[in-house]
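# What the coordinates show
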Protein chains: 2
Amino acid sequence: MKGTAVTVMAMVFGNKGETSGTGVCFSRDPSTGENVFMGEYLMNAQGEDVVAGIRTPQKLSQLEQTNKAIYDELCQIRERLEKHYHDMQDMEFTVEEGKLFMLQCRNGKRTGAAAVKMAVDMVGEGLITKEQALLRVEPEQLNQLLLPQLDKDAVKKATEIASGLNASPGAGCGQIVFTADEAEAWAKEGKKVLLVRKETSPDDIAGMAVAQGILTSTGGRTSHAAVVARGMGTPCVCGCADVTFKDANTIVVKGKEYKKGDYLTIDGATGRVFEGQVAVKPATISGDLETFLGWADEVRNASVRTTASGKTVKGFNVLANGDTPKNAEDAFRFGAMGIGLCRTEHMFFDEPKLTAFQKMIVSETTEARKENLAKILPYQQKDFYEIIKTMAGRPVTIRLLDPPLNEFIQAETDAAATALASKLGMDKAALVAKVAALDEHNPMLGHRGCRLAITYPEIYEMQVEAIARATAQLDKEGAKHDVRIMIPNVVTYKEVEQIRGQAEAVIANVNKECGTNLKFQIGSMVEFPRTALSADKVASVADFFSFGSNDLTQTTLGFSRDDYGKFINSYLDQRVLEDDPFATLDPDGPGALMEIAEAKGRSVKADLHLGICGEHGGDPASIELCYKYGLNYVSCSPFRVPLARLAGAQAVIKANK
Amino acid sequence: MKGTAVTVMAMVFGNKGETSGTGVCFSRDPSTGENVFMGEYLMNAQGEDVVAGIRTPQKLSQLEQTNKAIYDELCQIRERLEKHYHDMQDMEFTVEEGKLFMLQCRNGKRTGAAAVKMAVDMVGEGLITKEQALLRVEPEQLNQLLLPQLDKDAVKKATEIASGLNASPGAGCGQIVFTADEAEAWAKEGKKVLLVRKETSPDDIAGMAVAQGILTSTGGRTSHAAVVARGMGTPCVCGCADVTFKDANTIVVKGKEYKKGDYLTIDGATGRVFEGQVAVKPATISGDLETFLGWADEVRNASVRTTASGKTVKGFNVLANGDTPKNAEDAFRFGAMGIGLCRTEHMFFDEPKLTAFQKMIVSETTEARKENLAKILPYQQKDFYEIIKTMAGRPVTIRLLDPPLNEFIQAETDAAATALASKLGMDKAALVAKVAALDEHNPMLGHRGCRLAITYPEIYEMQVEAIARATAQLDKEGAKHDVRIMIPNVVTYKEVEQIRGQAEAVIANVNKECGTNLKFQIGSMVEFPRTALSADKVASVADFFSFGSNDLTQTTLGFSRDDYGKFINSYLDQRVLEDDPFATLDPDGPGALMEIAEAKGRSVKADLHLGICGEHGGDPASIELCYKYGLNYVSCSPFRVPLARLAGAQAVIKANK
C-alpha cells in the first residue's frame with residue numbers, strides 16, 4: 001500500500017493571503033471507497049495548519065466555488081495520478097498566490113469496505129486487473145465488514161477501564177453476568193449480556209452462545225474462550241488481569257466495583273474494556289464484496305502448483321469449522337464449500353445427553369457403557385441430520401470424540417461431588433475415586449481422541465452409527481449428502497486400520513437394515529509428529545488427512561497453549577521467535593512436518609486429499625504456507641471464511657508471480 | 001539360545017529294571033557356568049519321572065559309580081555335542097537294559113553369571129570367537145550380576161501379598177515407612193527401611209536414597225519413583241494398586257493391615273511383594289565380567305559405520321547419567337566413559353539451597369532474584385567440583401536447570417502455605433497467588449528448561465558461573481577436567497545463540513578473575529520435534545546434541561508419561577503398538593526425528609557429536625537403533641552401564657554381519 005512520494009524541491013507558501021492556501025485530498029473516499037473527489041482546504045495557511053486541527057478546514061467542494069480554476073486543475077491531476085499509480089491517492093497541495101503546487105502524493109489508507117469497493121470499481125474502470133484487485137485488500141480488513149464495530153465518536157467519550165488480549169474481534173456491549181447459567185437465564189428474559197469469567201470451559205458453551213461478548217481475566221488468544229468466541233463470531237477480550245472476582249455478584253477493576261447487571265462494553269479488535277454502554281454500529285457488508293470474493297474463488301479454483309515433493313495439485317478450497325446447524329448456516333452464508341471440522345464433543349453437553357454420557361463414563365462394564373451410549377444415539381443422529389441437511393451436499397467432515405473423558409465429569413467441590421453422585425445414582429466415594437482416576441497430569445497428552453476408541457470401541461461405534469443413520473435418513477428423503485468421518489489423535493496407522501474396520505462393520509449393518517448403500521470416506525487427523533513422520537503408513541489406510549495444527553504446534557514445540565502465556569511475550573520481545581506459533585504456522589516446526597506428511601502420504605496415494613482444521617486455517621500467512629505445502633483446502637471458523645477465501649487467492653497470485 | 005533338538009525315532013524304555021534308567025544333564029553348570037558335567041538320573045524310570053519330581057533323582061556322579069561305561073560314553077557325547085554346537089548343551093538320555101540312547105539336546109538355559117563365565121571360558125577353549133561370546137549373553141542378564149537378589153528357596157516359603165510393576169530390579173527388604181522424612185530418620189537410626197508411597201516427587205529424593213526399596217501404589221515404569229530408583233540402583237515396585245493408605249501409620253493390602261515398622265520385601269525384577277523378611281542374596285560379580293565387558297569395549301571402540309545420511313562415524317561410547325559424586329563413583333566403577341547427563345535440579349532440594357531458590361522464585365525483581373541466586377552459587381560450585389573431580393578428566397555433561405519452577409514451590413494445603421509463607425517471610429495470600437500463577441495445565445509443555453533462561457537469564461548465569469568457578473578451582477589444583485554445558489528444552493537455535501552468548505560472557509569474567517583460560521563445549525538437548533526438524537540451524541550454534549528421548553517420545557506421540565498408563569496396556573494387548581515407546585525407542589516416531597536431526601545437524605557440522613541421555617540409553621533394542629542412527633554415545637543410569645557396554649557391542653557385531 002506504500003506509494004512513492006512526489007516532492008517539489010522549491011519552497012512554496014500557502015500563507016500569502018486569501019489567494020493562497022493549503023489542502024489534503026483523496027482521489028476517492030477512503031471510508032466508503034466511493035469514486036468521489038474529497039478533501040479539506042484552508043485559506044491562507046501552511047500544511048501543518050490542516051493537520052494540526054487548530055483551524056477548521058473547508059471542504060474541497062468549497063474550493064470549487066471560490067477558485068474553480070484551481071479546483072479543475074486539481075481534478076485533472078487527481079485523474080492523472082490515479083491513472084499513473086493505478087490506485088487511490090492521498091495528496092497534499094498548496095496554492096501560492098493563485099498557483100497550484102502538488103507537495104506529495106501516496107497510495108491512500110482506507111477502510112476494509114473502501115478497499116473492496118475501490119478494487120472492484122478500478123477493475124470495472126480498467127485501471128487494474130482482477131489479480132491486482134485481489135492483492136489490494138488485506139485479508140484482515142474484511143473482518144471490519146463482517147462484525148459489529150464500536151462507534152468511533154462514542155469511543156472518544158467512553159471511559160476505558162482496562163485492557164486485555166484482543167481475542168475475537170467485534171464490539172460487545174451488555175449487562176455483566178458471571179456464570180454461563182446466568183447468561184442463559186438473562187438472555188431468555190431478553191437482556192443483552194456480557195459474560196465475564198476467570199476462564200471458560202466446555203460447560204459454558206450455552207452461556208457463551210447467547211452473550212454479546214466474553215471477557216475473561218486469564219487465558220490467551222488460543223484459550224477456550226478465545227477459540228470458541230472466534231468460532232461463534234462473538235467478540236471476546238481475554239486475559240484481562242485487572243478484572244478480579246470479589247464475590248458471586250461483584251467484580252473489581254482497578255479498585256472500582258462492578259455489580260452483576262452493570263453495563264460494560266468490550267472491543268474485541270483492540271482488547272479494550274469500557275464502562276457502560278458504548279454505541280455499537282451494525283455490520284455493513286459492501287455489495288461489492290461478493291463480486292470481489294467471487295474473483296478470489298475463481299483464482300483459487302483455477303490454481304495449479306507443484307509441491308516440493310513433485311506432486312501437481314489443482315485448486316485450493318475454503319471450508320469452515322462448524323458444530324451446529326447455526327454454524328453450518330453461517331458457513332454457507334460466508335461462502336464455505338463445506339464443513340472441514342464438525343466437532344462432536346459439544347453435542348454431549350446438553351441434557352439428557354450429558355447425564356447419559358456421564359453414566360457411560362462411570363460404567364464398569366462394556367454392557368453398561370453400551371446401554372448409556374444407546375440413549376445418546378438418537379440425539380447425535382438428529383444433530384448430524386440437521387448439519388448434513390443444511391450443507392446440502394457439500395462435504396461435512398465429522399470428527400469423532402476428541403477430548404479426554406474427564407472434561408465431561410468433574411467434581412471439584414464436595415457439594416459438586418454430592419450433586420453429581422446423586423444425579424448419576426452412585427456412591428459418592430466411588431464417584432470421587434472415578435473422577436480422581438480420570439484426572440490427567442498433562443491432559444493434552446493424555447487419554448483422548450482415538451485412544452478412547454482403543455480402550456472403549458463402543459463410543460466411536462455409537463457415533464458412527466448415528467452418522468450412518470442420519471445419512472441414511474437423508475438418503476431416503478432424496479437429500480444430497482457428502483459425509484466424511486475423521487479420526488482424531490492418530491499416532492499409528494494401526495489405530496486407523498482398527499477403528500476403520502469397526503466403523504465399516506457398523507455402516508454395513510446400517511446399510512443392511514436401512515436398505516441403503518452408503519459409503520463414507522474415513523480419514524485421519526495429523527496432530528502429532530509421529531503421524532506426519534509415518535504418513536506413508538497412515539495414508540495406506542486413510543482416505544484423507546486433516547492437519548490439526550493447534551495440537552501439532554503444541555507437540556512440535558512442546559508449548560502448551562494453556563501455559564505458554566508465561567513466556568511467549570519474552571520470546572517475541574527478544575525475537576527468539578518471530579511469530580506466535582499458535583497464531584501463524586511455524587514453517588520450521590509443524591510446517592516442516594506438514595511437508596513431510598504431504599510427501600510421504602502422497603508417495604503411496606498420489607491424490608491424497610489434505611486439509612487443515614486448526615486455528616491456522618484462518619490466518620493469512622498460514623494459508624499461504626498451506627498453499628505452498630500442497631493442501632487441498634483450509635478450514636476455519638465461519639466468520640473467517642471470507643478472509644480465507646481472499647488470503648488463499650493471494651497465495652495463488654503470489655506463487656504464480 | 002535355541003538349539004536343534006536331536007530326536008531318535010525308536011521307542012526306548014528306561015523302566016525295564018535296574019539296568020535301565022533315564023536322566024537329564026548339562027554339559028556345564030547352568031547356574032555358575034563352571035566347566036563341570038552335571039545332571040540327574042533315575043534308575044528304572046521314564047523321562048517324565050525326572051521332570052515330575054515325584055521321585056528324588058540321583059546325581060550324575062552316582063551313575064559314574066554304578067555304571068562307569070555308560071557314564072564314560074555320556075562324557076564323550078557331552079564333549080562331541082559341545083564341539084558340534086559350540087555351546088553348553090541341555091541333554092536328555094535313557095538307558096535301556098544297559099544301552100545308552102540320547103533322546104534330545106538343545107542349547108541350555110543359564111543364569112547371567114553362567115552365561116558370562118561360559119562365554120569367556122569357551123573363547124579360551126577356542127570353541128567360539130570373542131564376537132560370538134558377546135552375542136551369547138543377553139544384556140538384561142547382566143543385571144542379575146549387579147543387584148541383590150531374593151533367595152529362591154526363601155521365596156518358595158514366602159507369602160506373596162500383592163504385585164505391581166517391576167520398575168527397578170533387585171530385592172529390597174525393610175521396615176515400611178510412609179514418608180521420605182521417616183525414611184531418613186529411621187535410616188539414621190540404622191534401620192533398613194522400605195519406602196511405601198502413593199507416588200514420589202522430587203521432595204522424596206533424600207528418603208528414596210536411603211531406602212532398601214521403594215513401593216508405590218500408582219505410577220508406571222517411567223514414573224518419578226521408577227526413574228529415580230533405577231538411577232539409584234534401588235529396587236522398586238510401582239503401581240501396586242492393592243496397596244491403599246488407611247492413615248498415617250497404616251496401609252491395607254487386600255484387606256490386611258500393615259503398620260509402620262512392619263517388614264515387607266519387594267522383588268523389583270518381578271514386581272512381587274512379600275510379607276515379612278525374605279532372605280536377600282548379595283550381588284556377586286563374576287571375575288570374568290570385566291574380561292567380557294573389555295571385549296565389548298574393544299568392539300565398540302573399533303567400530304565404524306556409515307549413517308543413512310552418508311556420514312562415517314567411528315566408535316560408540318557408553319556414558320552414565322549421574323547427579324551426585326556417589327553416582328559418579330558408581331559410573332566409574334561400572335565402566336562409564338564419562339557423565340552424559342548431570343541434572344542440576346536435584347541440587348536445589350537440600351537446605352539452605354531450597355529456601356534461597358524458593359525466595360528467588362517468589363522474587364518480583366531481577367535484583368532480588370540475583371541476590372538469592374548468589375546464595376546458592378557456592379553450594380552449586382561445591383557440587384560441581386566434586387563430580388568433576390571424581391570423573392578425573394572424563395567428560396562431565398552438565399544440564400542447566402530443566403523442570404518448571406512450580407516443582408520447587410508448592411502449597412497444596414492451607415497449613416503448607418502458612419509454613420512456606422513464614423519460612424520465606426512473605427504474605428500468605430501473596431504466596432498462594434504466586435503458587436497459583438506458577439501452576440501449569442500441562443507442565444511437560446510448560447515454562448521450563450531454557451524457557452526459564454529467556455524470561456530469567458540470571459538463573460543460568462548463576463549455574464554457568466558455578467560450573468566455571470568449580471572448573472577453575474580444579475584447573476588451578478592441576479586436576480584434569482572435561483566439562484560440557486547442556487541446554488535443555490531447546491526449540492529454536494536462537495535460544496542456544498542467546499544463552500550461549502550470556503554463558504560465554506560469564507565464563508570470560510571467571511577466566512579474567514581466576515587467571516584461567518577455560519573453554520566449555522556448549523550443546524543443545526534435542527527433546528522436541530522442532531529441534532530435530534531445524535537441527536541444521538541448531539547445529540550452527542551448538543557444539544553437540546544430546547537426545548532427550550523421554551520428552552521426545554512424549555511430544556512425538558503425544559503420550560504423557562504420567563498418563564499413558566490409562567491406555568498403553570490396551571495398545572500393547574491389541575498390538576496397536578508393538579512396544580512400550582518409553583521402554584524401547586520408537587523408530588517411526590522419535591527415532592525418525594533422530595535420523596532427521598543427524599542428517600541435518602551433520603550437514604552443517606560433519607563431526608557433530610551426538611548422544612542420548614533419556615531412559616532409552618539403557619535399553620538394548622534402543623541402543624541398537626542409536627548405533628544405526630550414528631550416535632557417538634549412549635548415556636544411561638550407572639547400574640545399566642555394563643548392559644549398555646554389551647548391547648552396544650552387540651549392535652556393532654549385528655551391523656557388521
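Because the structure is a prediction, the values reported are computed rather than measured.

### What to know about the pairing of strand β24 (residues 482-487) of chain A
Residue and element names in this part refer to chain A. By the criterion of burial, β24 is predominantly enclosed, with 5 of the 6 residues buried. With 5 bridges joining them, strand β23 (residues 395-399) and β24 adopt parallel strand pairing. Looking at the pairing, Thr397 lines up with Arg484 of β24. With 4 bridges joining them, β24 and strand β25 (residues 521-526) adopt parallel strand pairing. Pairing of Arg484 across the sheet is with Gln521, part of β25. One crossover worth recording links β24 to the parallel β25 by way of helix α19 (residues 493-514), and it is right-handed.

### Observations concerning the interface of chain A and chain B
With 51 residues of chain A at the interface, the matching set in chain B holds 51 residues. Of the roughly 4400 Å² buried between chain A and chain B, counting both surfaces, carbon and sulfur atoms make up 54%. Contact with chain B buries area across many residues of chain A, yet Leu445, Arg530 and Lys566 of chain A alone supply 15% of it, more than any other trio. Counting every contact that joins chain A to chain B gives 8 salt bridges. One salt bridge connects Glu578 of chain A with Lys494 of chain B, and the closest N-O pair in it is separated by 2.9 Å.

### As for the pattern of salt bridges
Across all of its chains, the model carries 92 salt bridges over all chains by this definition. Notably, a salt bridge pairs Arg448 of chain B with Asp551 of chain B, separated by 3.0 Å at the nearest N-O pair. A residue pair is termed long-range when its members are at least 10 positions apart, and Arg448 of chain B in the loop between α16 (428-438) and α17 (450-455) and Asp551 of chain B in helix α22 (residues 549-557) qualify at 103 residues. For Arg448 of chain B, a relative accessible area of 4% puts it in the buried group. Through salt bridges with shared partners, one network takes in Glu345, Arg399, Asp402, Arg448 and Asp551 of chain A.

### Observations regarding the sheet that holds strand β2 (residues 38-43) of chain A
Residue and element names in this part refer to chain A. Across the sheet, which stays open at both edges, the 5 strands sit in the order β3-β2-β1-β4-β5 with antiparallel pairing between neighbours. Each end of this open sheet is capped by a strand with a single partner; those strands are β3 (58-59) and β5 (99-107). Where helix α3 (residues 68-85) meets the sheet, it contacts β4 (89-96) and β5, and its direction lies at approximately 30° from that of β5.

### What to know about the relation of the copies chain A and chain B
Aligned on chain B, chain A shows an RMSD of 0.2 Å; the corresponding rotation is 180° and the shift along the axis is 0.1 Å. Both copies are brought into coincidence by an operation consistent with a two-fold rotation axis. Mapped onto chain B, 100% of the interface residues of chain A are again interface residues, and the two copies thus contact each other with one and the same surface.

### Some thoughts on the sheet that holds strand β13 (residues 243-247) of chain A
All names here are of chain A. An order of β13-β14-β15 is seen for the 3 strands of this open sheet, with the pairing classed as antiparallel. Whereas interior strands pair on both sides, the edge strands pair on one side only; in this sheet they are β13 and β15 (256-259). The sheet shows a mean angle of 35° between the axes of neighbouring strands, direction not considered. Two elements, strand β14 (residues 250-253) and β15, share 4 bridges in a ladder whose sense is antiparallel. Bridge pairing in β15 places Ile251 opposite Tyr258.

### Quick notes on the packing of aromatic side chains
All names here are of chain A. Taken as a whole and assessed by the stated rule, the structure comprises 26 aromatic pairs over all chains. Here the aromatic rings of Phe357 and Phe408 are separated by 4.8 Å at their centres, their planes lie at 70°, and the arrangement is edge-to-face. With a gap of 51 residues between them, Phe357 in helix α13 (residues 353-362) and Phe408 in the loop between β23 and α15 (414-424) connect regions that are remote in the sequence. On the numbers, 5.0 Å between centres and 75° between planes, the contact of Phe559 with Phe567 is edge-to-face. Just as Phe559 is buried, Phe567 falls in that class too. Three or more aromatic residues joined by ring pairs make a cluster, and in this case those are Phe348, Phe349, Phe357 and Phe408.

### Considerations on the nonpolar core
Counting residues in each nonpolar core, the largest one holds 281 residues, and the members touching the most others are Phe292 and Phe357 of chain A together with Phe292 and Phe357 of chain B. Those residues within four positions of Phe292 of chain B in sequence are excluded, and the remaining contacts are Val116, Ala119, Val120, Ala133, Leu134, Val137 and Leu646 of chain B.

### Focus on the confidence of the model for chain A
All names here are of chain A. Overall, the predicted model of chain A reaches an average pLDDT of 90, with 96% of residues at or above 70. In the predicted structure, residues 1-9 sits below a pLDDT of 50 and forms 20 contacts with residues beyond four places in sequence or in another chain. Confidence estimates for the predicted assembly give a pTM of 0.82 and an ipTM of 0.81.

### Describing unusual backbone geometry
In this structure, Lys254 of chain A takes a positive phi of about 45° despite not being glycine. Looking at the secondary structure, you find Lys254 of chain A in the loop between β14 and β15. Lys254 of chain A sits in the exposed class, given a relative accessible area of 61%. Unusually for a residue other than glycine, Arg575 of chain B sits at a positive phi of about 55°.

### Considering the side chain of Ser622 of chain B
All names here are of chain B. Among the structural elements, Ser622 can be located in helix α25 (residues 620-628). Accessibility expressed as a relative area gives 0% for Ser622, which makes it buried. Among the polar contacts made by the side chain of Ser622, one reaches the side chain of Asp619 at a distance of 2.5 Å. What Ser622 contacts, discounting residues up to four positions off in sequence, is Ala583, Thr584, Leu585 and His616.

### Quick word on the side chain of Arg530 of chain B
Tracing the chain through its elements places Arg530 of chain B in helix α20 (residues 529-533). Looking at Arg530 of chain B, the relative accessible area reads 7%, which means it is buried.

### So, the packing of helix α22 (residues 549-557) of chain A against helix α24 (residues 590-604) of chain A
Residues and elements named next belong to chain A. Viewed as axis vectors pointing N to C, α22 and α24 meet at an angle of 110°, and their least axial separation amounts to 9 Å. Judged on the interaxial angle alone, α24 and α22 are roughly perpendicular. Of α24, the residues touching α22 (which contributes Leu552, Thr553, Thr556 and Leu557) are Pro590, Leu593 and Met594. Residue composition of the contact of α22 with α24, grouped by class: 5 nonpolar, 2 polar and no charged.

Reading the values: the criteria
Residues numbered from 1 in each chain as written. Chains lettered and ligands numbered in written order. Predicted model: local features only at pLDDT ≥ 70, side-chain atom pairs only at ≥ 80, totals over all residues. Heavy atoms only, no water. Buried < 20%, exposed > 50% of the residue type's maximum accessible area, 1.4 Å probe, protein only. Helix = DSSP H or I, 4+ residues; strand = E, 2+ residues; numbered from the N terminus. Pairing = 2+ DSSP bridges. Right-handed = clockwise from strand over helix to strand, strands pointing away. Contact = heavy atoms within 4.5 Å. Buried area = accessible area lost by both parts, 1.4 Å probe. Salt bridge = Lys/Arg side-chain N within 4 Å of Asp/Glu carboxyl O. Axes fitted to C-alpha atoms, helices over the stretch in contact; angles between N-to-C directions. Least-squares fit on C-alpha atoms with pLDDT ≥ 70 in both. Phe/Tyr/Trp six-rings, centres within 6.5 Å; stacked < 30°, edge-to-face > 60°. Core = buried A, V, L, I, M, F, W, Y, C linked by side-chain atoms within 4.5 Å. pLDDT = per-residue confidence, 0-100. Polar contact = N/O pair within 3.5 Å; in protein donor to acceptor, adjacent residues only side chain to side chain. Parallel < 35°, antiparallel > 145°, perpendicular 65-115°, else oblique. Nonpolar A, V, L, I, M, F, W, Y, C, P; charged D, E, K, R; others polar.

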